[in-house]
Amino acid sequence: MRKKIIAGNWKMNKSFEEGMALVTEIIGMVKDEYQGSAEVVIIPPFIHLNAINRMVAEINNISSGAQNCSNHESGAYTGEISAGMIKSIGAEYVIVGHSERRQYFGEHNDWLAKKIDAVIKNNLTPIYCVGETLDERENNKHFEILKQQISEGIFHLGADEIKKVVIAYEPVWAIGTGKTATTAQAQEVHAYIRTLIATHYNTDIAAAITIQYGGSVKPENAAELFASPDIDGALVGGAALQSRSFVDIIKAMK
Ligand code: 13P
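What you are looking at is a predicted structure, and each value in this text was computed from that prediction instead of being measured.

Asker: Help me out: how do you make sense of the packing of aromatic side chains in this one?
Answerer: Aromatic rings in a pair are described by how distant their centres are and how their planes are angled relative to each other. Evaluated as defined, the whole model comprises three aromatic pairs. Geometrically, the ring pair formed by Phe 143 and Tyr 192 is tilted, given 4.6 Å between the ring centres and 55° between the ring planes. Of this pair, Phe 143 sits in helix α7 (residues 142-154) while Tyr 192 sits in helix α9 (residues 183-200); the two residues are 49 residues apart in sequence, bridging distant segments of the chain. Relative to Tyr 201, the ring of Phe 155 has its centre 5.5 Å away and its plane inclined at 75°; by these criteria the two rings are edge-to-face.

Written out as structure tokens, the structure is:
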């Protein structure tokens, strides 16, 4: 059975002190309240990551990850952080191609394919984000865009490598807007992504890949989303900034 993953992407939020307090609360609440099988991933800003990883390292069902990484291994790239550095502190996941990086930092599929390679080469798990804009959905272009993002970003990988990838479907129009995709809309896209993988690789590989949904996930809508057959967890933004709402989302995954 494929892994269920609930990840909290803090984006550029929380001072160091606030971040430590939030993780302490999350650890305590998950220990006390969660008996399910999902893996919880905390994805804070880089500057908090080492300390947070130390806090969760010994906890079975909680791990940590980075929001981005360089596509280069090392060298004169001021301000960048390599996948090797992320690995060296013990973090396990890296978000690649979040829509905010595509939109505000000009990251394109060919560039992201190189980041995916760097992440996999360093034995980390990429969370590869895909999703259409409102304009693309309204013009019925979403399947085409998703196919392009998936094929250009990850279909160069071999069968053994693709199994290591987690995909997050995050419709841009649902991120931070309070507008969640309906469960039917999300399920339709998740099933479509799984079909793309089955066609390019095979059905066993497609069945094994975790596909998370992201975009205004809240305690109120999480259980319904998670009940869909192809939705294997969530990449949570705003609601991951408070322990109560984040843990309630985790608890919605049985
Ligand atoms: P929100 O949950 O705030 O909509 O953000 C989703 C997201 O972008 C997670 O990566």
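Asker: It is not clear to me how the side chain of Thr 210 should be interpreted in this structure. Could you clarify?
Answerer: With respect to the helices and strands, Thr 210 occurs in the loop between α10 (203-208) and β7 (211-214). For Thr 210, a relative accessible area of 5% corresponds to the buried category. Within the structure, the side chain of Thr 210 is placed 2.7 Å from the backbone oxygen of Lys 3, a separation counted as a polar contact. Leaving out residues up to four positions away in the same chain, Thr 210 has contacts with Arg 2, Lys 3, Ile 5, Val 166, Ile 167 and Asp 232.

Asker: In this structure, what is going on with the layout of surface pockets? I would like to understand it.
Answerer: Empty space among the atoms becomes apparent when a probe as large as a water molecule is rolled across them. Here the largest pocket is characterised by a volume of approximately 450 Å³. If you trace the largest pocket, you find 18 residues lining it, with Met 12, Gln 67, Glu 100, Arg 101 and Phe 105 closest to the centre. With five residues, helix α4 (residues 99-104) is the largest single contributor of residues to the lining of the largest pocket. Classifying every residue of the lining of the largest pocket gives nine nonpolar, six polar and three charged.

Asker: Got a minute to help me understand the sheet that holds strand β6 (residues 166-169) in this structure?
Answerer: Across a sheet, strands are paired by hydrogen bonds formed along the backbone, either parallel or antiparallel in direction. Reading around the barrel, the eight strands line up as β1-β2-β3-β4-β5-β6-β7-β8 and close back on themselves, with parallel pairing between neighbours. This sheet shows a mean twist of 25° between the axes of neighbouring strands, independent of strand direction. Pairing of strand β1 (residues 5-9) with strand β8 (residues 233-236), which is carried by four bridges, proceeds in the parallel orientation. Its bridge partner being in β8, Ile 5 is matched across the sheet by Gly 233.

Conventions adopted
- Residues numbered from 1 in each chain as written.
- Predicted model: local features only at pLDDT ≥ 70, side-chain atom pairs only at ≥ 80, totals over all residues.
- Heavy atoms only, no water.
- Phe/Tyr/Trp six-rings, centres within 6.5 Å; stacked < 30°, edge-to-face > 60°.
- Helix = DSSP H or I, 4+ residues; strand = E, 2+ residues; numbered from the N terminus.
- Buried < 20%, exposed > 50% of the residue type's maximum accessible area, 1.4 Å probe, protein only.
- Polar contact = N/O pair within 3.5 Å; in protein donor to acceptor, adjacent residues only side chain to side chain.
- Contact = heavy atoms within 4.5 Å.
- 1 Å grid on protein atoms, 1.4 Å probe; cavity = no way out; pocket = protein on both sides within 12 Å on 5 of 7 lines; lining within 4 Å.
- Points joined across faces, edges and corners; volume = space filled by probe spheres on them.
- Nonpolar A, V, L, I, M, F, W, Y, C, P; charged D, E, K, R; others polar.
- Pairing = 2+ DSSP bridges.
- Axes fitted to C-alpha atoms, helices over the stretch in contact; angles between N-to-C directions.

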